[in-house]
Amino acid sequence: MKRSQAVADAAITLLAERGMRGLTHRAVDEAAGLPPGSTSNLARTRAALLELTLRRLTELEEQALAPAYTEVERPSSRPPDLRELLSGIAEGMRVQLADHRRTLARYELALEATRRPELRAIYDEMSRRFREPVVRLLTALGSKDPVRHARQVVAYAEGLMFDAIAGAGEVPGPEEIAQGMGDLLAGMLREA
């Protein structure tokens, strides 16, 4: 593992466990088992540390959602297989929920981005990497309004994760996730 990954992974854990106030260069050094000053050498400022952490978080979440995106990105003239797609989405969300520290860290970064325009720009750029495949998917499935529907699909997934992690809900199983997402997509695509 590269040092930048070790630093970012430690920062993700600290954000999940201690919140934004607990994220310091010194705390990251300690959590990553690195000599003092290592994090500062890699990310001089707090803004640089937040950016490094957000970029690593995006990389990890893209890996978790890869099964869903495989069906979207596969070159084909036929629409994506809905069962495979729902299975991929359910698997990606299961991975996210099983290690919910990443989602908690993302919530911390999202809230911080509301106060830091430079972080907001990066956060929005990273978000597009998740939303654009959903727009393409919904287009391939025949959505009449794929951009609006993509926002709703992402909002549903985010709401489900928030409820399971920070709300009063239980962690849903893959079948429940697939069924709920299937119901949502069926409603959106009924007109198509």
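The structure we're discussing is the one just above.
Quantities reported herein were computed from a predicted structural model and do not represent experimental measurements.

This brings us to helix α7 (residues 117-141). Between its first and last C-alpha, α7 extends 35 Å over 25 residues, near the 36 Å set by a 1.5 Å rise per residue. For α7, the principal kink sits at Arg 129 and spans about 30 degrees; a proline, Pro 133, occurs within the next four residues. Every buried residue of α7 is listed here: Leu 119, Ile 122, Tyr 123, Met 126, Ser 127, Phe 130, Pro 133, Val 134, Leu 137, Leu 138 and Leu 141. A positive backbone phi angle near 100 degrees is found at Gly 142, which sits one or two residues after α7.

Moving on to the nonpolar core. By size, the foremost hydrophobic cluster in this structure holds 25 residues, and its most contacted members are Leu 23, Val 28, Leu 49, Leu 54 and Leu 109. Top element by residues in this core is helix α1 (residues 3-18). It accounts for six residues. Aside from chain neighbours lying at most four places away, what touches Leu 23 is Ala 11, Leu 14, Leu 15, Val 28, Arg 46, Leu 49 and Leu 50. Ranked by size, the runner-up nonpolar core spans 24 residues in total, among them Val 134, Leu 137, Val 154 and Met 181.

Tracing the backbone shows Arg 151 in helix α8 (residues 146-165). With a relative accessible area of 47%, Arg 151 lands in the partly exposed category. Separated by 86 residues in sequence, Arg 151 and Leu 65 have C-alpha atoms that sit 17 Å apart.

Axis separation between helix α6 (residues 101-113) and α7 bottoms out at 8 Å; the angle between their running directions is 130 degrees. By the angle between their axes, α6 is oblique relative to α7. Contact with α6, carried on its side by Arg 106, Leu 109, Ala 110, Glu 112 and Ala 113, involves Leu 119, Arg 120 and Tyr 123 of α7 and no other residues of that element. Residues that form the contact of α6 with α7 fall into these classes: five nonpolar, no polar and three charged.

Oppositely charged side chains may form a pair once their charged atoms are brought near each other. According to the stated counting rule, one finds 15 salt bridges in the structure shown. Asp 9 serves as the salt-bridge partner of Arg 56, at 2.8 Å between the closest nitrogen and oxygen. In this pair, Arg 56 sits in helix α4 (residues 46-73) while Asp 9 sits in helix α1, placing the two residues 47 residues apart along the sequence. Pair check on accessibility: Arg 56 and Asp 9 agree, each one buried. Its salt-bridge partner being Glu 118, residue Arg 116 comes within 3.4 Å of it at the nearest N-O pair. Three or more residues are tied together by salt bridges with common partners; here these are Glu 112, Arg 115, Arg 116 and Glu 118.

As for its position among the elements, Val 153 is in helix α8. Of the residues examined, Val 153 reaches a relative accessible area of 9% and is grouped as buried. Taking the C-alpha atoms as reference, Val 153 lies 7.9 Å from Leu 185; in sequence the two are 32 residues apart. When residues no more than four places from it in sequence are discounted, the contact partners of Val 153 are Val 134, Leu 138, Met 181, Leu 184, Leu 185 and Met 188.

Conventions we followed
- Residues numbered from 1 in each chain as written.
- Predicted model: local features only at pLDDT ≥ 70, side-chain atom pairs only at ≥ 80, totals over all residues.
- Heavy atoms only, no water.
- Helix = DSSP H or I, 4+ residues; strand = E, 2+ residues; numbered from the N terminus.
- Expected span 1.5 Å × (residues − 1).
- Bend = angle between axes of the 7 residues up to and from the residue.
- Buried < 20%, exposed > 50% of the residue type's maximum accessible area, 1.4 Å probe, protein only.
- Core = buried A, V, L, I, M, F, W, Y, C linked by side-chain atoms within 4.5 Å.
- Contact = heavy atoms within 4.5 Å.
- Axes fitted to C-alpha atoms, helices over the stretch in contact; angles between N-to-C directions.
- Parallel < 35°, antiparallel > 145°, perpendicular 65-115°, else oblique.
- Nonpolar A, V, L, I, M, F, W, Y, C, P; charged D, E, K, R; others polar.
- Salt bridge = Lys/Arg side-chain N within 4 Å of Asp/Glu carboxyl O.

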